[in-house]
Structure formats: C-alpha cells, structure tokens
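# Working through the structure, step by step
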Amino acid sequence: MMLGMQLQRRRFPARLLGLFGLFACASGSAAKTAIGVVLARNAPPGIDPSGYLVSEKYDGVRALWDGTDLRFRSGLRIAAPAWFTAKLPAMALDGELWLGRGQFDALSGTVRKAQPVDAQWQQVRYMVFELPQATGTFAQRAAQLQGIVRAAAWPALQAVEQVTVASPAALQAKLKAT
C-alpha cells in the first residue's frame, strides 16, 4: 500500500508530493509529462512544512480533465463512461482516479479498458487537487476548487483536502495517522 503526503506551497505554484516521505519540485526542475503536467522531485531533508498546504497522496491513476476528455498523464485518452465525464465541469482539472487504499490494481484494470464497464466505474472517484489553467496562489486555487466541487454536487468528484501543519514533527504525525 502506498501512503504519503503531498505538499503545495501556499504562495508558490510548484507542486510538492510525498510517498513514504516528502518530495518536492521547483518550477523548471520538475519532470513534465507528455501533456505538460508537472511531476515531483525529492525535497531536501528536514523541509519546514509550515509554508505549505498538505494533503494525502492517493494511490490512484493520475487523470487530467481538459473540459472534454479525461486523459492519462501520458496524454492518452481514458475510456471513461459518458455518464462519468458528463458530470465533470467544463474546465481543466488535475487529480487521481481512485477506488480506495489498497485498490490500485483493481482501479488500474478498470480505467485502462478500451471499453468501460459501467459497474466497475460506479465506485471510481476523481480526487482533484489542482486547476491547471487557473491563476492565483495554490491556496486560492484550492479554495476555488472546493467551490467547483461543491457546485457539481456529485459524490464521485472530490476536492482533495488541503491543510496546514506547523512543524516537521506535526507532518510526520499526520503521515503516520494517514
């Protein structure tokens, strides 16, 4: 099972992720996917998390919604059922398709089928953490994302909770609790 935390700088748009620890990327030094999505790099040890928003790093399949199509980070289209994509807002979203902890293999099998199986997609959630085309700080975009998800009023679309932590010890405690 993959557990981790992801950090987002409140004042800086660079993305920080964690998987059994902390990782970071700075703009310009992060790897980019086929469609320009930033992927994380290792953060220096002992990073002070107080300037970041922290969230769980889900063990899902990265999915990018451009307002029309749902795509893998490679840029290939995900064959999601029409009823699933019809409920997504007409704006770009970045997140993870997710079934739950320990369910990565089942999820991967579901979302990689050329013909979607509705019964399998019924349990899939889209855990969104970023508005790729929005402006403002990450904290502002996270607040905007919360509003978008509330307006959609669809349980399968969820904004990833972003919280602050005061210290490295508090971050480690949150990681352990997760």
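Computed from a predicted structure; not experimentally measured. (Residues numbered from 1 in each chain as written. Predicted model: local features only at pLDDT ≥ 70, side-chain atom pairs only at ≥ 80, totals over all residues. Heavy atoms only, no water.)

## A closer look at the pattern of salt bridges
Counting across every chain of the model gives six salt bridges. One salt bridge connects Glu56 with Arg101, and the closest N-O pair in it is separated by 2.7 Å. Residue Glu56 is found in strand S5 (residues 52-56), and its partner Arg101 is found in the loop between strand S8 (93-98) and helix H2 (104-111); the two are separated by 45 residues along the sequence. Residue class for Arg101 comes out partly exposed when judged on its relative accessible area of 41%. Among the charged side chains, a salt-bridge network with shared partners connects Asp69, Arg71 and Arg77. (Salt bridge = Lys/Arg side-chain N within 4 Å of Asp/Glu carboxyl O. Helix = DSSP H or I, 4+ residues; strand = E, 2+ residues; numbered from the N terminus. Buried < 20%, exposed > 50% of the residue type's maximum accessible area, 1.4 Å probe, protein only.)

## Some points on the packing of aromatic side chains
Counted by the stated rule, this structure contains four aromatic pairs. On the numbers, 4.6 Å between centres and 65 degrees between planes, the contact of Tyr58 with Trp98 is edge-to-face. Of this pair, Tyr58 sits in the loop between S5 and strand S6 (61-65) while Trp98 sits in strand S8, and the two are 40 residues apart along the sequence. Its relative accessible area of 12% is what places Tyr58 among the buried residues. Using a relative accessible area of 7% as the deciding quantity, one classes Trp98 as buried. With centroids separated by 4.9 Å and ring planes inclined at 65 degrees, the aromatic side chains of Phe84 and Trp121 adopt a geometry described as edge-to-face. Taken together, the positions of Phe84 in helix H1 (residues 82-86) and Trp121 in helix H3 (residues 118-121) put the pair 37 residues apart, joining distant regions of the chain. For Phe84, a relative accessible area of 0% corresponds to the buried category. We classify Trp121 as buried; its relative accessible area is 0%. One aromatic cluster is present, formed by Trp83, Phe84, Trp121 and Trp154 through successive ring pairs. (Phe/Tyr/Trp six-rings, centres within 6.5 Å; stacked < 30°, edge-to-face > 60°.)

## A few points about the confidence of the model for the protein chain
Mean pLDDT over the protein chain stands at 82; residues scoring 70 or higher make up 76%. Mean pLDDT across the elements of the protein chain ranges from a minimum in strand S3 (residues 23-24), with 33, to a maximum in strand S10 (residues 157-159), with 98. (pLDDT = per-residue confidence, 0-100.)

## Quick word on the nonpolar core
Counting 26 residues, the largest nonpolar core has Leu70, Ile78, Phe84, Leu97 and Tyr126 as its most contacted members. Apart from the residues within four sequence positions on either side, Leu97 is in contact with Gly60, Val61, Ala63, Leu70, Ile78, Phe84, Leu107, Val111, Trp121, Val124, Arg125 and Tyr126. Ranked by size, the runner-up nonpolar core spans five residues in total, among them Trp98, Met127, Phe129 and Val160. (Core = buried A, V, L, I, M, F, W, Y, C linked by side-chain atoms within 4.5 Å. Contact = heavy atoms within 4.5 Å.)

## A look at the sheet that holds strand S7 (residues 70-71)
The strand order S7-S6-S8-S9-S10 describes an open sheet built from five strands, whose pairing is mixed. Two strands lie at the open edges of the sheet, namely S7 and S10, each paired on one side alone. When S8 meets strand S9 (residues 125-130), the two strands line up antiparallel, connected through five bridges. Paired with Gly95 across the two strands is Val128, which belongs to S9. Along the sheet, H2 makes contact with S6 and S8, crossing S6 at roughly 40 degrees. (Pairing = 2+ DSSP bridges. Axes fitted to C-alpha atoms, helices over the stretch in contact; angles between N-to-C directions.)

## A closer look at the pairing of S9
Counting buried residues in S9 gives five out of six residues, a clear majority hidden from the surface. Where S9 meets S10, three bridges bridge the pair, whose relative direction is parallel. Bridge pairing in S10 places Tyr126 opposite Leu157.

## Here we look at helix H4 (residues 138-152)
Relative to the 21 Å expected for 15 residues at 1.5 Å per residue, H4 spans 21 Å between its end C-alpha atoms, a close match to the ideal helical length. For H4, the complete set of buried residues consists of Phe138, Arg141, Ala142, Leu145, Ile148 and Val149. Each buried residue of H4 lies within a common arc of 120 degrees when the element is viewed along its axis, so the set occupies one face. Among the exposed residues of H4, those pointing more than 90 degrees away from its buried face are Arg150 and Ala151. Residue Ala153 follows H4 closely and has a positive phi angle near 50 degrees. (Expected span 1.5 Å × (residues − 1). Arc of directions from axis to C-beta.)

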